[in-house]
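So you can see what is in the structure, the chains are spelled out below.
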Amino acid sequence: MIEADGRAIVGRAVPLGRLASALQSSARGVRSVVFVSGTAGMGKTSLIRSAVDTAIDEGAIVGWGTCWQGDSAPGFWPWMQAFDGLSRGVGAAAAIDAAGRERAALSVLVRDLGAGVNSTSDPDRHRLLLFDAARRWLEALTVSQPIVVVLDDLQWSDPSTLDLLDYVIAAPVRSRLLVVGAFRHDELDHDAQARLGALASHGDHIHLGGLTPGDVEELVSGICGADVARTLAPDLHRRTGGHPLFVSELARLSEAGDWGQLPTAVTGAVSLRLDMLPPDTRRILDAASVLGNRLLPDVLGVVAGKAAAEIVERLAPAADSGLVQITDADEMWFSHDLFRETVDSMLSVSTRRELHAGIGNALVARRARGVPVAPGDLARHFVQAISLVDPQHAIRWAREAAADERGRSAFGEAAAQVRRVREAAADAGIRIEPDLLVALLIDEADHQARSGDPDAARGLLADAARVAPTPESGADVALSVQRLGAKFAAPRDEIIDQLEEALDAVRGTDVIREARLTAALARELQHSVAEDRRRVASLSKRALALGRRSEDDETLIACLLARHDAMWEPGTGAERAALGHEIALVGGRLASTDRLAEGLLLEANGLLESGSAAFRPVLDRWFGLLEARGEPRDRYMVLTRRAALALLDGNADEAELLMNEAAQTGVLIHEPDTGNVLMSQRVELARTRGEPDELRRLARDAVNHWTGAPVLAHAVAAGALATAGDLDAGGREVAMVTESGGLAKEGSYLRSVLVTHLADAAVALGDAELCRSLFDDIDALTDSCGVNGAVVAFAGPFAHPAGVLAVALGDIDRGRQLLERSVDMSRRLGASVWIRRGETALSELDQGPRPTRENHDTDRASMTRSGGIWTVSWGDESASLPHSKGLSDIATLVFHRGEEMPA
């Protein structure tokens, strides 16, 4: 094997063999992964280059990306470099063909696919889609030839790079793909060490140590000759530990009679080489060290005041000295990261800033010529030179870089772009105008929240509130705080106070902000504790009036949503369906798929609650809209609602599969409501199956999960335990509902869920007082249905629990009337499970109560049924069991004891 400079690689036969084996496996269609670790200068890059050169000779296409030291590189930077190399290798047409219909999504990573699509409507939805598209693009390329992706210097990688690497190598697929990652193990912090260690477990991990004494002698003989090598090798091995780069540099120094001192050997060697270079070459190298590993002749030419062709010519002495490598295509790069780092370390602070400014201007000119330049590159240079350039210029590029990162769902990196320009301005003593500073802090907070760090976002918004110079900027901060959200059914005093203060400041002067703040305040009060909800109705009405006056569609939608949420309680389905319909219309006017979909779902939900079969065509339109777009969160939403329909139809097994698949998708995309949705659907799944053990698990999990909504949690537990036959435990849960405030504490849509479960418990327990209270609560709702969330879980027609309660209270005629109404409504909706429940209840009502016969000669036996629970007694002992057909048959035999009964 030969290095790029023509020298043989010494002492690496075994690791080269392992890399060759991985290449052969990938060529046979077995996707392979190899990680190479070692200290700086240990030969990782040379080893990999040697192996992939062989792969290229055998027809493979190689994409190579190198991470940038520091935190200023764009998210996914090494992937973008590698993908650019693959695109050039296979040709633009093949790259586009492999991308297929995902070309637009992939263009943010593969620049040859066209202009990037920065979707900022809800970019966290795009992250998983982007990962999946990138993996499938790589797999598609491997159909025509083996593909090798090299990611070098992963110790400097950004989080998004590792996330994508994890996704690509963890997928269990077969393809002619080899992924090679290299990193300096001794430069990893604790978190990076754990992350790369976990990634390395997916494949072969080659750790490079120092050369043996014999290998050192062989390496030195290539520099100084065999005779000198035999003399120098033992001492060089002792002093360097066999480190190849240090051995090479000290061997060269020995020829000049200057051994240098470790660990400054490399610095000293590079200094000696630099001192021997012409001044022009040295100045160009200084600029190159700031530019990066890849040297761009046109950019360096602008900085040095020379033509691009002359730059290549002037760098020839640096290539002769081994500091730089130049190919026939005028591709240039530093021979080793340590060389670039050493040159950069010799620059003064002022010189480095001047070079950053010059390179930034040169890159702007390059971009103006139509050559792709990442906004992150421009931001890096102008932020470093903020004291020498117009600060607005640095801020502009930092914000564009953040938007670019956000478009790739690299939210942590987006936040870092904004943070760096703020800190650079502060360090340089540059004052950012307060309105602009507030905007920067709001942007950074939004990126931080999307990256999964809401606490950091709240801290940034607190800073923004302190410096907000006007009522308008204060209002923007308050709205940003509200968008962060809070735990459901928990006090939100601070958010509410901030919104009210901001509202007072803009009232009567800014109708758009006044409308949005009023709407936000209404929604916060609605989702806070019950005591805060008294003001919601009047606030939401005022918000909607202001929204209609504003003549701003985005504001109108915010106000329509606030009014919808304020009305979201049982019995208002038809009115809310109309609001959902209007939201969809305005969303269509805005050409916003998100808003259109949101309106359709709320419309369908309102129609379902009102008992209208029209909910299905509206929901079908919603399914079609989301399935056509196909984003990860769309898939999650579709899966959860298809699970809800399966539950409504009584298809428990299908529902469970869909629920679990949805939950897995929700976890992957960090959907915050995943746990609540799964729990809500588990409630209806357990009721559909009626298995005692599943009901008991549900009761336990409901209490543990819904800590912020204790009335709901204990009501669900009460119904589940009573239905499972655990009457004592069910009674205790009913008592907990009362202690938590009872039905009066819950006026939201959750009331429709908890009342049905309390009805199950009340009937099973024979609690006449609770039965009467529940019946009075839902008697006016018997022409409507209960739904948990927006078509998350159908809780059935209110007429069903009302009918069962009426029967338990002795009003048989009223109970029959209500149960028949429930069956009719269920048929209209196609709710198969509720049709069966209603018909079963009516059948049992027709059968009538059957008295038990006493055996006066022995112990007394009896069986009585209340709702879904049988109480079986023998003498002084009794037990409760959930209803089943078998128990009905046994009860018949008990009553007709000693009589002939047809099978």
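To be clear, the structure that these remarks concern was listed above.
Remember, predicted model here, so these are calculated numbers, not experimental data. (Residues numbered from 1 in each chain as written. Predicted model: local features only at pLDDT ≥ 70, side-chain atom pairs only at ≥ 80, totals over all residues. Heavy atoms only, no water.)

Trainee: Could you clarify how one ought to interpret the pattern of salt bridges in this entry?
Mentor: Should their charged atoms come close, side chains of opposite charge can pair. Under the definition given, this model contains 54 salt bridges. Close ionic contact of Glu310 with Arg314 constitutes a salt bridge, the shortest N to O distance being 2.7 Å. Here Glu310 pairs with Arg314, and both are found in helix H15 (residues 308–314), just four residues apart, close to one helical turn. Given a relative accessible area of 25%, Glu310 falls into the partly exposed group. Several salt bridges converge on common partners, so that one network encompasses Glu102, Asp132, Arg135, Arg136 and Glu139. (Salt bridge = Lys/Arg side-chain N within 4 Å of Asp/Glu carboxyl O. Helix = DSSP H or I, 4+ residues; strand = E, 2+ residues; numbered from the N terminus. Buried < 20%, exposed > 50% of the residue type's maximum accessible area, 1.4 Å probe, protein only.)

Trainee: Just checking my understanding: could you explain the sheet that holds strand E7 (residues 324–326) for this structure?
Mentor: Across a sheet, strands are paired by hydrogen bonds formed along the backbone, either parallel or antiparallel in direction. Sheet architecture is open: three strands sit in the order E6-E8-E7, paired in antiparallel fashion. Edge positions in the open sheet fall to strand E6 (294–295) and E7, since each of these has one partner strand only. Bridge count for E6 against strand E8 (residues 332–334) is two bridges, and the pairing is antiparallel. Within E8, the residue paired with Leu295 across the bridge is Met332. (Pairing = 2+ DSSP bridges.)

Trainee: Just to check I follow, could you spell out the packing of helix H21 (residues 411–427) against helix H22 (residues 434–450) for this structure?
Mentor: Packed helices, taken two at a time, are described by the angle between their axes plus the distance between the axes. Two elements in contact, H21 and H22, have axes separated by 7 Å at closest approach and are oriented at 155°. In terms of orientation, H21 and H22 fall into the roughly antiparallel class. Crossing angle aside, the handedness with which H21 passes H22 is left-handed. Here Phe411, Ala414, Ala415, Val418, Arg419 and Arg422 of H21 lie close against H22, whose contacting residues are Leu437, Leu440, Leu441, Glu444, His447, Gln448 and Arg450. Residue composition of the contact of H21 with H22, by class: seven nonpolar, two polar and four charged. (Axes fitted to C-alpha atoms, helices over the stretch in contact; angles between N-to-C directions. Parallel < 35°, antiparallel > 145°, perpendicular 65-115°, else oblique. Left-handed = near helix turned anticlockwise from the far one by under 90°. Contact = heavy atoms within 4.5 Å. Nonpolar A, V, L, I, M, F, W, Y, C, P; charged D, E, K, R; others polar.)

Trainee: I tried to follow the packing of helix H37 (residues 727–739) against helix H38 (residues 751–765) on my own but got confused; where do I start?
Mentor: At their nearest, the axes of H37 and H38 sit 10 Å apart, and the two run at 130° to each other. When the interaxial angle is binned, H37 and H38 end up oblique. Seen from above, H37 lies across H38 with left-handed handedness. In this structure, H37 contributes Leu727, Gly730, Gly731, Val734 and Val737 to the contact, and H38 contributes Leu758, Ala761, Ala764 and Leu765. Among the residues forming the contact of H37 with H38, the class breakdown is seven nonpolar, two polar and no charged.

Trainee: Hey, could you run me through the nonpolar core in this one?
Mentor: As a rule of thumb, nonpolar side chains are buried together in soluble globular proteins. Among the nonpolar cores identified, the biggest contains 89 residues, and Leu517, Leu608, Leu619, Trp622, Phe794 and Leu829 are the most heavily contacted of them. Top contributing element to this core by residue count: helix H32 (residues 632–648), with nine residues. Apart from residues lying up to four places away in sequence, Trp622 is in contact with Ala597, Leu600, Leu601, Met637, Val638 and Arg641. One finds Met332, Ala362, Leu378 and Ile432 within the second-largest nonpolar core, a separate group that totals 52 residues. (Core = buried A, V, L, I, M, F, W, Y, C linked by side-chain atoms within 4.5 Å.)

Trainee: Any chance you could explain the sheet that holds strand E2 (residues 61–66) here in plain terms?
Mentor: Strand order in the open sheet formed by five strands is E2-E3-E4-E1-E5, with parallel pairing between adjacent strands. Only two strands of the sheet have a single partner each, and these edge strands are E2 and strand E5 (204–207). Direction aside, neighbouring strands of the sheet carry axes that sit 15° apart on average. Relative to strand E3 (residues 147–152), E2 is paired through six bridges, and the arrangement is parallel. Bridging across to E3, Val62 finds its partner in Val148. Contacting E2 and E3, helix H3 (residues 77–90) runs over the sheet at an angle of about 155° to E2.

Trainee: Any chance you could explain the pairing of strand E9 (residues 785–788) here in plain terms?
Mentor: Regular strands place their side chains on alternate faces of the sheet. Judged by which residues are buried, E9 turns out to be covered on both faces: Cys785 and Val787 on one side and Gly786 and Asn788 on the other are all buried. Two successive antiparallel strands, E9 and strand E10 (residues 793–797), enclose a turn made up of four residues, where Gly789 displays a positive phi of approximately 70°.

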